[in-house]
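What the coordinates show
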Amino acid sequence: MYHRIIYLLIVAVILGCSDSGSQSPKEVDLVTDKSDSAVVGNTGQREDGDRRLAWQKPDLVIGKLGDLNDKVVADIGAGTGYFTFRLVNRAKKVIAVDIDTNSIRWIESFRQSMDSTLQTKVETRLVLPDDPRLSPNEVDVVIIINTIGYIKDRLTYLRNLKKSIVPGGLLMVVDFKIKRIQGNIAPPPERRVSILDLENDLESAGYFLLETDDTSLDYQYIVLART
């Protein structure tokens, strides 16, 4: 198993470096994403560094989604699967959605190291910036983490995304507060969306706001809404 993990790490590094010119802006800004997602074991558990764990608090974030045992979750802007692989043991299925080819390859490489039963619970989907390529009522839960600021026409995107979520389904958006900056963790101000703007977009797109939490995370807010 040790040799298999080392091999996958080498493959992932090669894939990550082979086409750095096509790397998405999100991956460039959030430099901790790849460096903190080093190993995925055969049970789907990740061995992460402390840097992102300290400020992202993934267990707290995922805990707000409730019981996911029978839920299909779409991770939009999945990157290297930081949340995808944390969700795989909790959800019925996780669809990792990203516009970046290298990110999708990265997730696929690590997926192969998992138990066969868990491999079938992870699906990758290479998509367009304005289209998550989710079918109507395909998912129960959608998470958009560190990504909402890179969606150009948020209102149209959120309206179209709503069609893919089952009635009463859940949408979670986690992103950076406007005025909190921590080194190179946060994207530049022009890539951030205020809580008020996001809430207005969600309501205009037909979602029902459930919770706005801007205190649990030091540098980010968490917004939950239902369809």
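The present account deals with the structure reproduced in this document. Everything quoted here is computed from the prediction, not taken from an experiment.

Helix and strand counts for the chain stand at 10 helices and nine strands. Relative to its 227 residues, the chain shows a buried fraction of 52%. Sequence-distant contacts in the chain: of pairs separated by 6 or more residues, those separated by 24 or more amount to 70%. Total accessible area on the chain stands at roughly 10,200 Å², and carbon and sulfur atoms take up 51% of it.

This part covers the environment of L155. With respect to the element layout, L155 can be found in helix 9 (residues 154-162). For the pair L155 and L198, spaced 43 residues apart in the sequence, the C-alpha separation amounts to 9.1 Å. The contact partners of L155, leaving out residues within four places of it in the chain, are D201, S204 and A205.

On to the pairing of strand 4 (residues 93-98), then. Of all six residues making up strand 4, five are buried, and the element is well covered by its neighbours. Of the strand pairs in this sheet, strand 3 (residues 72-76) and strand 4 are connected by five bridges, and their pairing is parallel. Counterpart to A74 in the pairing with strand 4 is I95.

A separate point is the environment of T101. Within the secondary structure, T101 sits in helix 7 (residues 101-111). When the C-alpha atoms of T101 and G79 are compared, they prove to be 9.8 Å apart, with 22 residues separating the residues in sequence.

Let us now look at the sheet that holds strand 5 (residues 122-126). A sheet is described by the order of its strands in space; here seven strands give the open sequence 5-4-3-6-7-9-8, paired in mixed fashion. Since the sheet does not close on itself, it has two edges, and those belong to strand 5 and strand 8 (208-213), each with one partner. Neighbour-to-neighbour, the strand axes of the sheet open up by a mean angle of 15 degrees, direction not taken into account. One ladder, built from five bridges, connects strand 8 with strand 9 (residues 220-226); its direction is antiparallel. Bridge pairing links E211 to L224 in strand 9.

Here we come to the nonpolar core. V142, L161, L171 and Y207 are the most contacted members of the largest nonpolar core, which has 26 residues in total. Put simply, the parts of the chain that give this core at least two residues each are strand 3, strand 4, strand 6 (139-145), helix 9, strand 7 (165-176), helix 10 (195-204) and strand 9. Excluding residues within four positions of it along the chain, Y207 makes contact with L158, L161, K162, I165, L171, L202, A225, R226 and T227. With 19 residues, the next largest nonpolar core counts I62, Y82, V141 and V174 among its residues.

Taken together, the buried positions of helix 10 are L198, E199, D201 and L202. With its buried residues spanning 165 degrees around the axis, helix 10 presents them on a single face. Of the surrounding elements, those touching the buried residues of helix 10 are helix 9, strand 7, strand 8 and strand 9. A positive phi of about 100 degrees marks G206, the residue just after helix 10.

This part is about the packing of aromatic side chains. One pass over the structure, following the stated rule, counts three aromatic pairs. Aromatic pair W55 and F176: ring centres 5.7 Å apart, planes at 40 degrees, arrangement tilted. Separated by 121 residues along the polypeptide, W55 in helix 4 (residues 50-56) and F176 in strand 7 bring together distant segments of the chain. We classify F176 as buried; its relative accessible area is 1%.

On to the pattern of salt bridges, then. The final tally for this structure, using the stated rule, is eight salt bridges. One salt bridge connects R154 with D201, and the closest N-O pair in it is separated by 2.8 Å. Here R154, found in helix 9, pairs with D201, found in helix 10; they are 47 residues apart in sequence, far enough to count as distant.

The next point concerns unusual backbone geometry. With phi around 55 degrees, N137 is a residue other than glycine that occupies positive phi space. Residue placement: N137 occurs in the loop between strand 5 and strand 6. A relative accessible area of 45% places N137 in the partly exposed class. Even without glycine at this site, N146 takes up a positive phi of about 60 degrees. Position of N146 relative to the elements: it lies in the loop between strand 6 and helix 9. Of the residues examined, N146 reaches a relative accessible area of 3% and is grouped as buried.

Conventions used here
Residues numbered from 1 in each chain as written. Predicted model: local features only at pLDDT ≥ 70, side-chain atom pairs only at ≥ 80, totals over all residues. Heavy atoms only, no water. Helix = DSSP H or I, 4+ residues; strand = E, 2+ residues; numbered from the N terminus. Buried < 20%, exposed > 50% of the residue type's maximum accessible area, 1.4 Å probe, protein only. Contact = heavy atoms within 4.5 Å. Areas by Shrake-Rupley, 256 points an atom, 1.4 Å probe, with all protein chains shown as cover. Pairing = 2+ DSSP bridges. Axes fitted to C-alpha atoms, helices over the stretch in contact; angles between N-to-C directions. Core = buried A, V, L, I, M, F, W, Y, C linked by side-chain atoms within 4.5 Å. Arc of directions from axis to C-beta. Phe/Tyr/Trp six-rings, centres within 6.5 Å; stacked < 30°, edge-to-face > 60°. Salt bridge = Lys/Arg side-chain N within 4 Å of Asp/Glu carboxyl O.

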